Structures are given as structure tokens and as C-alpha cells.
Amino acid sequence: MGSQESLPDPPAQMHHYYSKFMRECPSGLLSLHEFKKLLDLQGLDPQGDLYIKRVFDIFDLNQDGFIDFLEFIAAINLVIRGKIDQKLKWYFKLYDADGNGCIDKKELLSIF
């Protein structure tokens, strides 16, 4: 009811996302360059480029330098349906640039 748009059933959603992913990335593997192009994030300053690379690296779960369809769906699922604690863990991972489990002063300053 109300203003909420109903979503198609899960198999239809999966097909929609798969079709869109394959249309944008026929090889089935999304590179960092294609990721930036897809999100229209080309020509950023060095700090912005670093941030986008961190986002890409976090979505690239197997760290092979590409985002495949399953990694893409995991990212979409986190953004759309993720619980607040999952999203907070993701943001923590994003800002913990050195991966030591702590956000130090330098990393905190980069957030601001």
C-alpha cells in the first residue's frame, strides 16, 4: 500500500539484474575502469579515485581484480536489503584502509 513500489518476485529480479549486468559488461567481469564508467565516476581527483578503488576492492570478494555477477548481486543486496549492522561493517571495512581492524586518526581524517 501507499507509495512503496512492489518489487517483482526474486527470480524475475535476478533475471533483471543479470540482463542489466551482461548488457553493461558482456564479458561477465567488470573491471575497475568499467566500474567507474558505469557509475560515471571518471576523472575524479586522486582522493576520489582512491575511494572508488576501495569500494571496488571491497565488492571484489575474491580479489581477482574484477567484479563478477555474484559479487555484483552481493553488493546490490547489501545496498538494497542489507541490515544496518551489515552496512556498518561494510562502511568500517571501507574506511579501515590498511585492514588492521582499527580506524586510526589518518583514516578518520580521510573520512572528513
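Within each chain, residues carry numbers counting from 1 in the order of the written sequence. Residue-level local features of this predicted model are given only where pLDDT is at least 70; pairs of side-chain atoms are given and counted only at 80 or more, and the full residue set underlies all totals for whole chains, interfaces and linings. Excluding hydrogens and water, the side-chain values take into account all heavy atoms of the structure.

1. Considerations on the domain arrangement of the chain
Okay, so step 1: Domain delimitation follows an automatic or database domain assignment. The assigned domain composition of the chain is domain 1 (10-81) and domain 2 (83-111).
Okay, so step 2: If you average the C-alpha positions of domain 1 and of domain 2, the two centres end up 20 Å apart.
Okay, so step 3: Throughout, a contact is declared for two residues whenever any of their heavy atoms are within 4.5 Å. Counting residues at the interface gives 9 residues for domain 1 and 10 residues for domain 2.
Okay, so step 4: Here the quantity called buried area is the total loss of accessible area, with a 1.4 Å probe, experienced by two parts when brought into contact, counted for both. Counting the surface lost from both domain 1 and domain 2, the interface buries some 870 Å², and carbon and sulfur atoms represent 63% of this.
Okay, so step 5: Among the residues of domain 1 in contact with domain 2, Arg-54, Ile-58 and Leu-78 are the three that bury the most area, contributing 59% of the side total.
Okay, so step 6: Salt bridge criterion: a side-chain nitrogen from Lys or Arg within 4 Å of a carboxyl oxygen from Asp or Glu. Our enumeration of links across domain 1 and domain 2 arrives at 0 salt bridges.
Okay, so step 7: Counted as a polar contact is a pair of N or O atoms within 3.5 Å, where, for protein atoms, one must be capable of donating a hydrogen and the other of accepting one, and residues adjacent in sequence contribute only when both atoms are in side chains. Viewed at the interface, domain 2 and domain 1 are joined by 4 residue pairs in polar contact (both at pLDDT 80 or more).
Okay, so step 8: Mapped onto the side of domain 1 that touches domain 2, the elements with two or more residues apiece are helix 3 (46-59) and helix 4 (69-81).
Okay, so step 9: Helix numbers and strand numbers start at the N terminus; a helix is a DSSP run of H or I with at least 4 residues, a strand a run of E with at least 2. It is helix 3 that contributes the most residues to the side of domain 1 that touches domain 2, 6 residues altogether.

2. Focus on the pattern of salt bridges
Okay, so step 1: The tally for this structure, following the rule as stated, stands at 2 salt bridges.
Okay, so step 2: A salt bridge links Lys-36 to Asp-49, with the shortest nitrogen-to-oxygen separation between them at 3.0 Å. Placement of the pair is Lys-36 in helix 2 (residues 32-38) and Asp-49 in helix 3, with a sequence separation of 13 residues.
Okay, so step 3: Summary of the burial criterion: residues with accessible area below 20% of their type's maximum are buried, those above 50% are exposed, and those between are partly exposed, where the area comes from a 1.4 Å probe applied to protein chains only. Asp-49 gets classed as partly exposed once you look at its relative accessible area, which sits at 28%.
Okay, so step 4: Between Asp-57 and Lys-53 there is a salt bridge, with the nearest N and O atoms lying 3.1 Å from each other. Remark: Lys-53 and Asp-57 occur in helix 3; sequence separation between them is 4 residues, near one turn of the helix.
Okay, so step 5: With a relative accessible area of 38%, Lys-53 lands in the partly exposed category.

3. Here we look at the side chain of Arg-54
Okay, so step 1: Position of Arg-54 among the secondary structure elements: in helix 3.
Okay, so step 2: Counted as positive: Lys and Arg. Counted as negative: Asp and Glu, with His and the chain ends omitted from the count. At 5.4 Å, Asp-57 is the nearest oppositely charged side chain to Arg-54, a buried residue that forms no salt bridge.
Okay, so step 3: With residues near it in sequence (within four places) discarded, Arg-54 still touches Lys-93, Leu-94, Asp-96 and Ala-97.

4. Things to note about the nonpolar core
Generally speaking, soluble globular proteins have nonpolar side chains that are buried together.
Okay, so step 1: The term nonpolar core refers to a set of buried residues drawn from Ala, Val, Leu, Ile, Met, Phe, Trp, Tyr and Cys, joined through side-chain atoms within 4.5 Å. Formed by 18 residues in total, the largest nonpolar core has its most connected members in Phe-35, Phe-59, Ile-67 and Trp-90.
Okay, so step 2: Elements with a contribution of two residues or more to this core: helix 1 (10-24), helix 3, helix 4 and helix 5 (84-95).
Okay, so step 3: When residues no more than four places from it in sequence are discounted, the contact partners of Phe-35 are Leu-30, Ile-52, Val-55, Phe-56, Phe-59 and Ile-67.

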